[in-house]
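Here are the chains, one letter per residue:
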Amino acid sequence: MQETYTVLGNESSPYLNVLAPEVFQWIASKAKARKSIQSGALRVNGKTVSTDVRVVVGDVISYVASQVEVRAPRRKVFKQTIPVVYEDDHLAVLNKPGGLPVNGNMFKTLENTLTINLKPSHEPDALEIMRPLHRLDSPTCGLVMVAKTERAQVAMGHQFEYKEIRKRYQAVVVGQVAESSGILTDIVDDKPSRSDYEVIRVSPSQKYDYLSLVHLYPVTGRTHQLRIHMANLGHPIVGDKLYSGQIDVLYGKGLLLCSDRLVFVHPITNKEVKVEIPIPNKFTGIMDREARRAAS
């Protein structure tokens, strides 16, 4: 595949590595442009150039994108099957189980399972190693988005940075939340933060008096934000021993917090995509069991 562009003189920058991502669909970043210049795939007037070259009016820039081959992974593969909820040549969304880190200096991570759970992309800008685009706490289960191409990685990174991706979580919390909906703005990590919530269901509980199922909408993305916000409200999430204070929240079922919905604009088609999963059965199962015990 080959693309060409003739310099008009009204471009934002004369530097080739800055201009190329703006005019070629297969070059998503300045880093990609620099690599393409170094490899000779990106040329000016048919000639190889240096990475700091400037272009002038009338220069013809050409980029040849070769079809990538499937490459062997550079890292060990953790062979755990993870449900794939959405996948195309550019993006995937997986349903991470609770207790599995997304990535990090460990072998057993979601990132290390991707080569056995996802199909390789054959787009010219396919990433050699597919990358998770955001993180969930290890004990939190639910949806994690993965980039398969450089264009998707750059575009979705911008959507996350500018808070254009709508995320929803569901949680079972201790007690009966007084207001049916609200906004939480506690300082987290010495930074402003915001989470919106709405109460979906309240059930009696023998152990806690009440349990509430809530929808949570993080507006900012601080570490452990939802867990801290609910604990500060006086309703820690069931299973969250880190922020529960003196309240016994352990149920032997893990943290009852699930990322169950992502809504975003596809980086290539520009169409809205909504990915949604049902919450684990244990969430409502625990509420039902506590309600039966309270009634007996």
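Residues numbered from 1 in each chain as written. Predicted model: local features only at pLDDT ≥ 70, side-chain atom pairs only at ≥ 80, totals over all residues. Heavy atoms only, no water.

Chemist: What is the right way to read the layout of surface pockets from this model?
Modeler: Empty pockets left among the atoms are what a rolling probe the size of a water molecule brings to light. Roughly 720 Å³ of volume is contained in the largest pocket. Every residue lining the largest pocket is counted, 30 residues in all, and those nearest its centre are Arg135, Lys167, Tyr169, Gly221 and Arg222. Counting only elements with at least two residues in the lining of the largest pocket, the list comes to α4 (150-161), β8 (166-174) and α5 (225-232). (1 Å grid on protein atoms, 1.4 Å probe; cavity = no way out; pocket = protein on both sides within 12 Å on 5 of 7 lines; lining within 4 Å. Points joined across faces, edges and corners; volume = space filled by probe spheres on them. Helix = DSSP H or I, 4+ residues; strand = E, 2+ residues; numbered from the N terminus.)

Chemist: Would you mind showing me how to read the environment of Gly142 here?
Modeler: Looking at the secondary structure, you find Gly142 in strand β7 (residues 141-149). Overall, Gly142 belongs to the buried group, its relative accessible area being 0%. Between the C-alpha atoms of Gly142 and Gln170, which are 28 residues apart in sequence, the distance is 9.8 Å. Ignoring sequence-local partners within four residues, the contact set of Gly142 consists of Leu94, Asn95, Lys96, Leu136, Cys258, Ser259 and Ile277. (Buried < 20%, exposed > 50% of the residue type's maximum accessible area, 1.4 Å probe, protein only. Contact = heavy atoms within 4.5 Å.)

Chemist: How should the confidence of the model for the protein be read in this particular structure?
Modeler: Regions with low pLDDT should not have their predicted coordinates read in detail. Looking at the protein as a whole, the pLDDT averages 92, with 96% of positions reaching at least 70. Predicted confidence is poor over residues 69-73, with pLDDT under 50, and the contacts of this stretch with residues over four places away or in other chains come to 6 contacts. (pLDDT = per-residue confidence, 0-100.)

Chemist: Teacher, can you tell me more about the pattern of salt bridges here?
Modeler: Opposite charge on two side chains permits them to pair, given that their charged atoms come into close proximity. Scanning all chains against the criterion turns up 14 salt bridges. The closest approach of N and O atoms between Arg194 and Asp196, which form a salt bridge, is 2.9 Å. Linking Lys207 and Asp248 is a salt bridge whose minimum nitrogen-to-oxygen distance equals 3.5 Å. Taken together, the residues span a long stretch of sequence, with Lys207 in the loop between β10 (195-205) and β11 (209-218) and Asp248 in the loop between α5 and β12 (257-265) at a distance of 41 residues. (Salt bridge = Lys/Arg side-chain N within 4 Å of Asp/Glu carboxyl O.)

Chemist: What is the right way to look at the packing of aromatic side chains in this model?
Modeler: Two aromatic rings are characterised by how far apart their centres lie and by the angle between their planes. Going through the model one piece at a time under the given rule, you end up with 3 aromatic pairs. The interplanar angle of 85° and the centroid separation of 6.5 Å between the aromatic rings of Tyr86 and Phe264 together place this pair among those described as edge-to-face. With Tyr86 in strand β4 (residues 84-87) and Phe264 in strand β12, this pair connects stretches of sequence that are 178 residues apart. By relative accessible area, which is 1% here, Phe264 ends up buried. (Phe/Tyr/Trp six-rings, centres within 6.5 Å; stacked < 30°, edge-to-face > 60°.)

Chemist: Where do I start with the environment of Leu94 in this structure?
Modeler: Summarising the element assignment, Leu94 is placed in strand β5 (residues 91-96). For Leu94 and Asn117, which are 23 residues apart along the polypeptide, the C-alpha to C-alpha distance reads 9.0 Å. Once residues within four sequence positions are removed from consideration, Leu94 is found in contact with Ile82, Pro83, Val84, Val85, Leu110, Leu114, Asn117, Leu118, Gly142, Leu143, Val144 and Val146.

Chemist: Before we go on, may I ask you to explain the nonpolar core in this structure?
Modeler: Among soluble globular proteins, nonpolar side chains are generally buried collectively. Judged by nonpolar contacts, the single largest core of 31 residues is most densely connected at Met145, Val172 and Phe264. If you list the elements that add at least two residues to this core, you get β5, β7, α4, β8, β11, β12, β13 (272-276) and α6 (281-295). No other element matches the 4 residues that β7 contributes to this core. Sequence-distant contacts of Met145, defined by excluding residues within four places in its chain, comprise Leu91, Ala92, Val93, Arg131, Pro132, Leu133, His134, Met156, Phe160, Ile165, Leu262 and Phe264. Core analysis: the second largest hydrophobic core is formed by 27 residues, Leu100, Val102, Leu118 and Val146 among them. (Core = buried A, V, L, I, M, F, W, Y, C linked by side-chain atoms within 4.5 Å.)

Chemist: For this particular structure, what's the right way to read helix α1 (residues 16-23)?
Modeler: Every α-helix carries 3.6 residues per turn, so stepping three or four residues along brings you back to the same face. Inspection of α1 places Leu16, Asn17, Leu19 and Ala20 among the buried residues, and these make up the whole buried set. Looking down the long axis of α1, one finds its buried residues gathered within 160° of arc, a one-sided arrangement. Taken together, the buried residues of α1 touch β1 (2-6), α2 (30-39), β2 (42-44) and β3 (60-64). (Arc of directions from axis to C-beta.)

Chemist: How should unusual backbone geometry be read in this particular structure?
Modeler: Across the chain, the bulk of peptide bonds are trans and the bulk of non-glycine residues have phi less than zero. Residue Lys163 is not a glycine yet carries a positive backbone phi of 60°. Looking at the element boundaries, Lys163 is found in the loop between α4 and β8. Phi is positive for Asp209, which is not a glycine, with a value near 75°. On the secondary structure map, Asp209 appears in strand β11.

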